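# Architecture at a glance
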Amino acid sequence: MTSTTDTHCPYCALQCAMRLESRPEGSVTVSGRDFPTNKGGLCQKGWTSAALLDAPDRLRMPLVRDTKGGPLREASWEEAYARIVRGVRAAREVGGDDAVAVFGGGGLTNEKAYLLGKFARVVLRTRYVDYNGRFCMSSAAAAANRTFGLDRGMPFPIEDLASAGAILLAGSNVAETMPPFVQHLARARERGGLIVIDPRRSATASLTDDGNGVHLQPLPGADIAVLLGILHVIIASGDLDQTFLQQRTTGWEEVAARASTWWPERVERESGVPASQIRRAAQLLAGSVDEGGSFVLTGRGAEQHARGTDTVQAAINLALFLGLPRRARGGFATLTGQGNGQGGREHGQKSDQLPGYRMITDVAAREHIAGIWGISPQELPGPGVPAVELLHRLGTPDGPRMLFVHGSNLAVSAPNAERARERLTALDTLVVCDIVPSETTEYADVVLPTTQWAEEEGTMTNLEGRLLRRRRAQPPPNGVRDELQIWHDLALLLGSNASFSTAASEVFDELAAASAGGRSDYSGTSHLALDAAAVGPQWPVGTDSSSTPRPFIDRFSTPDGRAVLHDVVPGRPSDDLGDHFELYLVTGRLLAHYQSGAQTRRVAELVGATPGAFVALHPLTAQRLGVDEGELVEVTSRRGSAVGIARITRDLRPDVVFMPFHFAKLQAANNVTSDVTDPVSGMPEFKVSAVQVRAVDGAWYKTVAERAGVHG
Ligand SMILES: Nc1nc2c(c(=O)[nH]1)N[C@H]1C(S)=C(S)[C@@H](COP(=O)(O)OP(=O)(O)OC[C@H]3O[C@@H](n4cnc5c(=O)[nH]c(N)nc54)[C@H](O)[C@@H]3O)O[C@H]1N2
Ligand SMILES: Nc1nc2c(c(=O)[nH]1)N[C@H]1C(S)=C(S)[C@@H](COP(=O)(O)OP(=O)(O)OC[C@H]3O[C@@H](n4cnc5c(=O)[nH]c(N)nc54)[C@H](O)[C@@H]3O)O[C@H]1N2
Ligand code: SF4
Ligand SMILES: [Mo]
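Residues numbered from 1 in each chain as written. Chains lettered and ligands numbered in written order. Predicted model: local features only at pLDDT ≥ 70, side-chain atom pairs only at ≥ 80, totals over all residues. Heavy atoms only, no water.

## Concerning the overall build of the chain
- Along the chain, the regular secondary structure elements total 25 helices and 27 strands.
- Here the chain has a C-alpha radius of gyration of 24 Å; the compact-globule value for 712 residues is 27 Å, and the two agree.
- For the C-alpha atoms alone, the extent of the chain along its principal axes is close to 70 × 65 × 55 Å.
- Looking at the chain as a whole, 64% of its 712 residues are labelled buried.
- Within the chain, residue pairs in contact and separated by at least 24 positions form 73% of the contacts whose partners lie at least 6 positions apart. (Helix = DSSP H or I, 4+ residues; strand = E, 2+ residues; numbered from the N terminus. Rg over C-alpha atoms; globule rule 2.2 N^0.38 Å. Buried < 20%, exposed > 50% of the residue type's maximum accessible area, 1.4 Å probe, protein only. Contact = heavy atoms within 4.5 Å.)

This is how it looks when you write it as structure tokens:
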């Protein structure tokens with residue numbers, strides 16, 4: 001008999017609702033379901049997501065490596081666990097509790113994110129826990145926390161966008177990264193009010209064609225100047241919301257003074273965006289505040305810079321000057337990326353946080369969480385370090401000697417990836433838990449096979465801060481274990497008597513209690529309540545169980561209720577042009593692939609759509625470098641090189657080249673990127689690197705590629 005399960009997509013933060021039909025012989029079909037974010041729609045990755053369930057090389061047995069450099073071989077769970085326990089003991093003998101580190105992922109369910117943090121702090125007793133959300137959302141989170149006192153990426157229901165007269169997208173390419181999102185832009189486009197800031201004419205920038213809006217195409221990293229220019233015009237035209245600024249914010253006078261020095265012609269000189277476009281963008285935003293509403297939204301293009309927090313801040317400042325957050329129609333939001341990017345950063349994978357978005361240095365928070373975990377506050381470790389710093393410390397004399405990775409393929413996705421791979425090699429023991437072999441499992445001493453999305457129960461928190469249920473449609477393959485089970489088993493074997501339930505609903509109840517009274521309070525809901533609701537609530541969901549769709553309408557979450565503006569100044573990228581590195585490389589995403597590609601490079605239809613890396617460049621640049629369409633080119637920075645097929649296009653500025661980061665080995669864009677990070681958020685500068693580009697000999701490449709095992 002066919003069984004039907006209502007769940008959500010395994011991939012991005014839009015968390016499109018889907019229905020899975022599982023047939024007895026094992027085949028699964030996917031269809032879209034109505035939900036606020038997707039209205040029944042799915043993208044190509046969603047449609048093809050079931051293909052991953054029976055990937056031919058799916059991990060089905062633990063693997064261990066007997067000697068460094070030797071092969072991985074199949075092992076029993078008992079043997080793999082014993083190896084891990086030995087590794088933990090040996091590392092602790094050398095370096096104490098902090099000799100073991102944990103790296104998590106924003107794709108893990110809330111239940112797993114919570115238990116992984118608990119495992120790190122209670123069982124391993126290490127301060128070294130962080131996760132790939134540092135690569136993703138941390139600049140926006142830092143800017144929101146310091147301004148609003150709360151980091152809920154989208155502080156309103158996504159459906160509020162439907163009436164909008166103007167929407168500014170700074171560094172977000174939703175047409176490829178969240179295709180069903182484009183329907184929420186329809187009204188703004190009809191009114192000619194879509195504003196896209198992107199150094200590329202991305203698929204989303206093209207949505208402004210035919211009078212639907214305006215595309216501002218600055219130099220990478222020049223957004224602060226552009227946003228200050230727009231603010232300059234708004235202030236000069238008297239379109240600022242003075243009452244709102246006076247009553248509900250602080251710090252706006254300094255920002256106004258700064259903006260007064262960034263007139264549009266100066267911004268044009270700095271960023272390359274014509275002054276007329278800056279004025280147009282300002283008019284569109286100001287003109288729609290009372291006409292359907294104006295919205296300012298940011299994506300990774302604004303954030304993944306050495307000054308990412310300040311860039312998001314500039315966008316927030318703009319929204320505050322227009323008084324957007326006080327309106328039911330209008331506001332500022334950041335578009336969270338990973339499936340559980342929002343929930344994953346609330347419950348304790350981040351080095352400085354405890355569940356409920358509590359700070360690990362806060363005495364009351366430590367007491368509360370220690371109470372839930374049955375330990376004394378003194379036993380709780382202190383704050384660790386952000387992801388990139390954690391990677392840098394691996395295998396150094398004073399750093400961690402053992403690492404657990406759950407839900408990240410960092411050998412491909414970490415910045416300056418060659419350095420990251422060297423650090424993995426320097427570890428005594430690397431444990432990687434995944435559903436498929438990845439470029440990171442290639443470095444592992446122990447590989448643990450785990451369940452995936454349609455095989456597990458849990459909850460996710462989507463980009464609106466809305467809780468939803470992930471449901472099990474079919475049993476996992478024999479030999480595979482749920483991570484809740486893995487942490488339960490390892491806790492026992494490592495001599496901990498803390499409770500590690502293997503039932504997701506019980507873990508949720510514990511998480512809910514731990515979050516009670518915290519900034520992201522989930523205490524008023526449960527699996528049962530979420531199952532009964534047509535659409536889940538947006539947090540905080542306190543004891544009265546009510547949803548909080550628009551937390552900032554009347555007051556912000558800062559101690560005095562006021563939003564705190566911060567003065568920010570334009571500057572140059574940290575990895576700037578010079579020394580023969582005369583072009584900027586921008587990295588980003590393609591429709592058909594997800595992240596490091598560990599999942600989507602295994603789905604035939606997606607590989608068919610985009611088989612390998614390419615390097616997009618402007619015709620003038622191609623001509624100057626003597627590169628033809630389809631030729632192999634190599635992109636080199638101060639750190640390393642990556643290759644791809646040349647794609648010549650007018651969608652780029654002549655001073656910018658683009659590469660997707662979904663491909664591995666010689667095609668990995670992160671061989672090139674810099675691991676300099678934003679000082680506030682710890683986010684790496686993925687979006688801009690100074691590079692040189694040259695055509696390479698195809699025969700040479702073929703030999704090297706074959707040796708390195710590159711396909712596509
Ligand atoms: N298909 C697909 N969808 C995804 C993902 C995926 O891997 N594949 N990943 C998910 C995740 S985790 C995330 S974080 C989101 C990311 O979603 P997006 O933020 O939309 O994705 P990106 O392609 O990384 O970056 C967006 C745009 O920023 C532009 N950009 C680069 N530099 C700058 C700059 O200096 N200023 C400005 N204004 N723009 C710049 C790039 O040209 C790019 O078009 O997507 C989610 N959805
Ligand atoms: N150059 C460049 N680099 C970037 C970016 C960029 O724009 N440019 N973007 C950055 C961003 S925003 C992000 S979010 C990162 C993401 O990069 P990664 O952290 O590498 O993310 P994924 O590729 O999604 O890796 C997730 C891994 O976990 C596995 N997995 C899936 N579900 C589970 C599960 O439930 N449990 C476990 N244990 N494993 C699971 C998958 O098979 C996969 O191997 O990349 C960053 N890197
Ligand atoms: S937009 Fe995101 S959540 Fe929706 S189907 Fe595509 S990958 Fe899945
Ligand atoms: Mo992300």
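More follows now that the structure is in view.
## What about the UniProt feature "domain: 4Fe-4S Mo/W bis-MGD-type" (unreviewed entry) in the chain?
- Annotation from UniProt places "domain: 4Fe-4S Mo/W bis-MGD-type" (unreviewed entry) at residues 2-57.
- With 7% helix and 30% strand, the stretch residues 2-57 has end C-alpha atoms that lie 26 Å from each other. (UniProt positions renumbered as here; feature names shortened; annotations may be inferred.)

## What to know about the domain arrangement of the chain
- Domain parsing of the chain yields domain 1 (3-54), domain 2 (63-136 + 340-532), domain 3 (151-334) and domain 4 (583-708).
- Distance between the C-alpha centres of domain 3 and domain 4: 28 Å.
- With 22 residues of domain 3 at the contact, the number on the domain 4 side is 23 residues.
- Taking both sides of the interface into account, the surface hidden between domain 3 and domain 4 amounts to around 1,900 Å²; carbon and sulfur atoms contribute 60%.
- Among the residues domain 3 hides against domain 4, the three largest losses belong to Arg200, Gln304 and Ala306. Together they make up 32% of the total.
- Along the contact surface separating domain 3 from domain 4 lie one salt bridge.
- A salt bridge links Arg201 to Asp651; its shortest N-O distance comes to 3.6 Å.
- The tally of links from domain 3 across to domain 4 stands at nine residue pairs in polar contact (both at pLDDT 80 or more).
- Broken down by secondary-structure element, the contributors of at least two residues to the side of domain 3 that touches domain 4 are helix 5 (174-177), helix 13 (300-303) and helix 14 (308-321). (Domains from an automatic or database assignment. Buried area = accessible area lost by both parts, 1.4 Å probe. Salt bridge = Lys/Arg side-chain N within 4 Å of Asp/Glu carboxyl O. Polar contact = N/O pair within 3.5 Å; in protein donor to acceptor, adjacent residues only side chain to side chain.)

## A word on the site of ligand 1
- Asp198, Asp223, Arg589, His593 and Gln595 are the nearest of the 32 residues found near ligand 1.
- In the environment of ligand 1, a nitrogen atom lies 2.9 Å from a nitrogen or oxygen atom belonging to the backbone of Thr177.
- Note that a nitrogen atom of ligand 1 is positioned 3.2 Å from one of the backbone N or O atoms of Gly301.
- Out of a free accessible area of 910 Å², ligand 1 has 99% covered by protein chains.
- Applying the majority rule of atoms within 2 Å of the grid points places ligand 1 in the second largest cavity.
- Mapping the shell around ligand 1 onto the domain boundaries places at least three of its residues in each of domain 3 (151-334) and domain 4 (583-708). (Near = heavy atom within 4 Å. Areas by Shrake-Rupley, 256 points an atom, 1.4 Å probe, with all protein chains shown as cover. 1 Å grid on protein atoms, 1.4 Å probe; cavity = no way out; pocket = protein on both sides within 12 Å on 5 of 7 lines; lining within 4 Å. Sits in = over half its atoms within 2 Å of the grid points.)

## Quick notes on helix 11 (residues 264-271)
- For helix 11, the set of buried residues is Pro264, Val267 and Ser271. Within helix 11, the buried residues cover an arc of 55° as seen down the axis, which keeps them to one side.
- Contacts made by the buried residues of helix 11 are with helix 8 (223-236) and helix 12 (275-288).
- Downstream of helix 11 by one or two residues, Gly272 has phi in the positive range, about 85°. (Arc of directions from axis to C-beta.)

## Section: the side chain of Arg366
- Here Arg366 is to be found in helix 16 (residues 363-373).
- For the buried residue Arg366, which engages in no salt bridge, the nearest side chain bearing the opposite charge is Asp362, 8.4 Å off.
- Once residues within four sequence positions are removed from consideration, Arg366 is found in contact with Leu354, Ile360, Thr361, Pro377, Leu380, Pro381 and Gly382. (Lys, Arg positive; Asp, Glu negative; His and termini not counted.)

## Thoughts on the sheet that holds strand 18 (residues 446-449)
- Pairing within the open sheet is mixed, and its seven strands lie in the order 5-4-18-17-16-6-7. Every interior strand has two partners, whereas the edge strands, strand 5 (72-74) and strand 7 (129-131), have only one. For this sheet, the mean inter-axis angle between neighbouring strands, taken without regard to orientation, is 20°.
- Across the sheet, helix 2 (residues 77-95) is in contact with strand 4 (63-65), strand 5, strand 6 (100-104), strand 16 (402-406), strand 17 (429-434) and strand 18; its angle to strand 18 comes to roughly 135°. (Pairing = 2+ DSSP bridges. Axes fitted to C-alpha atoms, helices over the stretch in contact; angles between N-to-C directions.)

## Quick look at the pattern of salt bridges
- The final tally for this structure, using the stated rule, is 49 salt bridges.
- Here Lys118 makes a salt bridge to Glu510, at a shortest N to O gap of 2.8 Å. With Lys118 in helix 3 (residues 110-124) and Glu510 in helix 21 (residues 504-515), this pair connects stretches of sequence that are 392 residues apart. Accessibility assignment for this pair places Lys118 and Glu510 in one class, buried.
- Among the salt bridges present, the one from Asp428 reaches Arg401, with a minimum N-O distance of 2.7 Å. Here the residue Asp428 occupies a position in the loop between helix 19 (417-425) and strand 17, and Arg401 occupies one in the loop between helix 17 (387-393) and strand 16, the gap between them amounting to 27 residues.
- The class of Asp428 is partly exposed, set by a relative accessible area of 38%.
- Each of Lys112, Glu456, Arg470 and Glu483 takes part in a single network of salt bridges with overlapping partners.

## Side note on the site of ligand 3
- Near ligand 3 there are 13 residues, and of these Cys9, Cys12, Cys16, Cys43 and Pro180 occur at the shortest range.
- For the shell around ligand 3, the per-class residue count stands at ten nonpolar, two polar and one charged.
- Viewed by domain, the shell around ligand 3 spans two of them, domain 1 (3-54) and domain 3 (151-334), each represented by three or more residues. (Nonpolar A, V, L, I, M, F, W, Y, C, P; charged D, E, K, R; others polar.)

## Observations concerning the pairing of strand 12 (residues 294-298)
- Here strand 12 lies mainly inside the structure; five of its five residues are buried.
- Every second residue of strand 12 is oriented toward a common face, with Ser294, Val296 and Thr298 on one face and Phe295 and Leu297 on the other, all of them buried.
- Direction of pairing for strand 8 (residues 166-170) relative to strand 12: parallel, over a ladder of five bridges. Residue pairing across strands places Ala166 opposite Ser294, the latter belonging to strand 12.

## Examining helix 2
- Between its first and last C-alpha atoms helix 2 spans 27 Å; for 19 residues at 1.5 Å apiece the expected length is 27 Å, and the two agree.
- Turning to helix 2, its buried residues are Trp77, Ala80, Tyr81, Arg83, Ile84, Val85, Gly87, Val88, Ala91 and Arg92.
- With its phi angle positive at about 75°, Gly96 sits one or two positions after the end of helix 2. (Expected span 1.5 Å × (residues − 1).)

## Re the nonpolar core
- Core analysis: the largest hydrophobic core is formed by 111 residues, its most contacted members being Ile230 and Phe404.
- If one sorts the elements of this core by residue count, helix 8 sits on top with nine residues.
- Mapping this core onto the domain boundaries places at least three of its residues in each of domain 2 (63-136 + 340-532) and domain 3 (151-334).
- Setting aside its immediate chain neighbours within four residues, Phe404 contacts Ile84, Val88, Val100, Ala101, Val102, Phe103, Phe119, Leu124, Val431 and Leu490. (Core = buried A, V, L, I, M, F, W, Y, C linked by side-chain atoms within 4.5 Å.)

## A few points about empty space enclosed by the protein
- Tallied over the entire structure, the rule returns nine cavities of 30 Å³ or more.
- Each pocket or cavity is described by its volume, and for the largest cavity that value is around 710 Å³.
- In terms of lining, the largest cavity is formed by 40 residues, of which the most central are Gly107, Gln338, Gly407, Ser408 and Gln599.
- Partitioned by chemical class, the residues of the lining of the largest cavity number 13 nonpolar, 20 polar and seven charged.
- A volume near 530 Å³ is recorded for the second largest cavity.
- Every residue lining the second largest cavity is counted, 36 residues in all, and those nearest its centre are Gly171, Asn173, Thr177, Arg300 and Arg589. (Points joined across faces, edges and corners; volume = space filled by probe spheres on them.)

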